[in-house]
Amino acid sequence: LEEALGKINGSYKRGRVEIHKALEAACTLTGKYSSRSDLVALSTGSIDTEDAWCIDHRGVLTLSLTKQTYHELGVVGEKQSKRSDELVQIDLYDCHSRLFHRAKEAFRLWDERRTTQGVGPWEVLFQGSLDCEAQSDITMTPIQSSMTDVNIPHVNLKVPKYANNDAVEKEETTEDWHENISELFEWVGMACIRYFLSRLKANDRANPYVAVYEPPSPNKVGNISHFSWRGFLPPSFTRIIIETAVNVQDRGLTRPEFITLTANTFSDAPLSHVSPKAFAEGAKIETRQKRPGKFVHCWSLLANTEHGDDSDDKLNWVLATLESPV
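What you see is a predicted model; the values in this text were computed from it and never measured.

Caption draft 1: Region of the structure containing the overall build of the protein. Within the protein, the regular secondary structure consists of seven helices and 13 strands. The proportion of buried residues among the 326 residues of the protein is 38%. The long-range share in the protein, meaning contacts at least 24 apart out of those at least 6 apart in sequence, stands at 72%.

Caption draft 2: Region of the structure containing a negative patch on the surface. A surface patch of negative charge is lined by Asp166, Glu169, Glu171, Glu172, Glu175, Asp176, Glu179, Glu183 and Glu186. Along the chain, Glu179 falls in helix H5 (residues 167-192). Since its relative accessible area comes to 45%, Glu179 is described here as partly exposed.

Caption draft 3: Highlighting a nonpolar patch on the surface. Taken together, the side chains of Ile193, Tyr195 and Phe196 make up a nonpolar region of the molecular surface, amounting to roughly 340 Å² of accessible area. In this fold, Ile193 is placed in the loop between H5 and strand S10 (219-228). The partly exposed category is assigned to Ile193, whose relative accessible area is 42%.

Caption draft 4: Region of the structure containing the packing of aromatic side chains. Within this structure, the stated rule accounts for eight aromatic pairs. Centre to centre, the rings of Tyr12 and Phe232 are 6.2 Å apart; their planes meet at 70 degrees, and the pair counts as edge-to-face. One end of the pair, Tyr12, is in strand S1 (residues 10-17); the other, Phe232, is in the loop between S10 and helix H6 (235-246), with 220 residues separating them in the sequence. The burial state of Tyr12 is the same as that of Phe232; both residues are buried. Here the aromatic cluster, defined as three or more aromatic residues joined through ring pairs, consists of Trp53, Phe107, Trp110 and Trp122. The side chain of Arg114 reaches across the aromatic face of Trp122, ending 3.9 Å from its centre.

Caption draft 5: View of the pattern of salt bridges. The full count for this structure, using the stated rule, is 10 salt bridges. With a shortest N-O distance of 3.4 Å, Lys7 and Glu3 are connected by a salt bridge. Considered together, Lys7 and Glu3 belong to a single accessibility category, that of exposed residues. Salt-bridge contacts for Arg16 lead to Glu123; the nearest nitrogen and oxygen are separated by 3.0 Å. In this pair, Arg16 is assigned in strand S1 and Glu123 in strand S7 (residues 122-127), connecting sequence segments 107 residues apart. A relative accessible area of 23% means that Arg16 is categorised as partly exposed. When salt bridges with common partners are traced through the structure, they connect Glu105, Arg108 and Glu112 into a single cluster.

Caption draft 6: Representation of the sheet that holds strand S12 (residues 294-306) in the model. Strand order in the open sheet made by the three strands is S11-S12-S13, with antiparallel pairing throughout. A strand with exactly one partner marks an edge of an open sheet, and here the two such strands are strand S11 (259-264) and strand S13 (314-325). Along the sheet, successive strands turn relative to each other by an average axial angle of 10 degrees, direction set aside. As defined by bridge partners, S12 adjoins S13 across 12 bridges and the pair is classed as antiparallel. In the sheet register, Ser300 faces S13, and the bridge partner there is Ala320. H5 rests against S11, S12 and S13 of the sheet, and its axis sits at about 105 degrees to S12.

Caption draft 7: Summary view of helix H4 (residues 98-116). Under the 1.5 Å per step criterion, the end-to-end length of H4 is 27 Å for 19 residues, consistent within 8% with the ideal 27 Å. Among the residues of H4, Phe100, Ala103, Ala106, Phe107, Trp110, Asp111 and Arg114 are the ones counted as buried. Taken down its axis, H4 places every buried residue within 150 degrees of arc, on the same side. Facing away from the buried side of H4 by over 90 degrees, the exposed positions are Arg98 and Thr116. For H4, the secondary structure elements touched by its buried residues are helix H2 (19-24), strand S4 (60-65), helix H3 (67-73), strand S6 (86-91) and S7. Gly118 lies just past H4 and shows a positive phi near 85 degrees.

Caption draft 8: Spotlight on the environment of Asn304. Take Asn304: it is sitting in strand S12. Accessibility expressed as a relative area gives 10% for Asn304, which makes it buried. Along the primary structure Asn304 and Lys314 are separated by 10 residues, whereas in three dimensions their C-alpha atoms are 8.5 Å apart. Dropping the residues within four chain positions of it, Asn304 is found in contact with Val155, Leu157, Glu257, Phe258, Lys314, Leu315 and Asn316. Within the local environment of Asn304, its side chain forms a polar contact with the backbone oxygen of Val155, the two atoms lying 2.9 Å apart.

What counts and how
Residues numbered from 1 in each chain as written. Predicted model: local features only at pLDDT ≥ 70, side-chain atom pairs only at ≥ 80, totals over all residues. Heavy atoms only, no water. Helix = DSSP H or I, 4+ residues; strand = E, 2+ residues; numbered from the N terminus. Buried < 20%, exposed > 50% of the residue type's maximum accessible area, 1.4 Å probe, protein only. Contact = heavy atoms within 4.5 Å. Patch = residues over 30% accessible without salt bridge, like charges linked within 9 Å, V, L, I, M, F, W, Y side chains within 5 Å. Areas by Shrake-Rupley, 256 points an atom, 1.4 Å probe, with all protein chains shown as cover. Salt bridge = Lys/Arg side-chain N within 4 Å of Asp/Glu carboxyl O. Lys, Arg positive; Asp, Glu negative; His and termini not counted. Charge placed at Lys NZ, Arg CZ, Asp CG, Glu CD. Phe/Tyr/Trp six-rings, centres within 6.5 Å; stacked < 30°, edge-to-face > 60°. Lys NZ or Arg CZ within 6 Å of the ring centre and 35° of its normal. Pairing = 2+ DSSP bridges. Axes fitted to C-alpha atoms, helices over the stretch in contact; angles between N-to-C directions. Expected span 1.5 Å × (residues − 1). Arc of directions from axis to C-beta. Polar contact = N/O pair within 3.5 Å; in protein donor to acceptor, adjacent residues only side chain to side chain.

Given below as structure tokens:
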């Protein structure tokens, strides 16, 4: 498995583009209403502006605009409840609508103002087809590290079953399960941050007045491997990593006791989460374009395989997210 993960490489592009030209590229999008849209893009932070925009894998352009920019553009949006920004969404597949053409003209004038002000085109990270200035390719290769003699917890992700309808027993059992899962994710968080890795060592003897940490019980001493990719990772790339790590038996690879995958989002992106309902078969336009009600800052997946009585093994997994309302 380590060899297979070490071979997973990806790439994305960086360049400068005027936003109205990004709308022109919308008519070449393929994979409509799927999670494999050709174009995924994100404007990068700049000291020149607090505005930001992205094109997600639905084929929807989302802009987070300051109040001043919002009124200058004259496009229709809605105020984010927890922030002072205005959020605007435009369906890039609906490139023949009146809203699309009105937005395109507003963005063209916006680009002209940015040029006059000396700001110029937007710095963007993207995958897909986008005609950019000063375009460069960036390769993502995994950074691998390992640590020996680590306290590794026994991972049991199965949701408890209840033999009777005793409400008190059910509540206590559920509370214990949540506490166990919380401790496991705390261990995962420490394993992902190199600074805290020493706290997981079997021979750790930290001063109790400085740091106190007990790994989840039961546990054993073993080795861990850590892989990290840094950059603009589209959903398709993340999926390859998950499938490689999870489907180890189908690939004839050595199965680890458990795997975990943690991802951090871009804090200044106008969008970080799209509901799976947006990609359901026959989803309505309103559902596909629905504004997410939360911003996911980080998510972490923990999975292991349960050996069944028959030849088929069962995959158990738990997903935790750090999120805030928008």
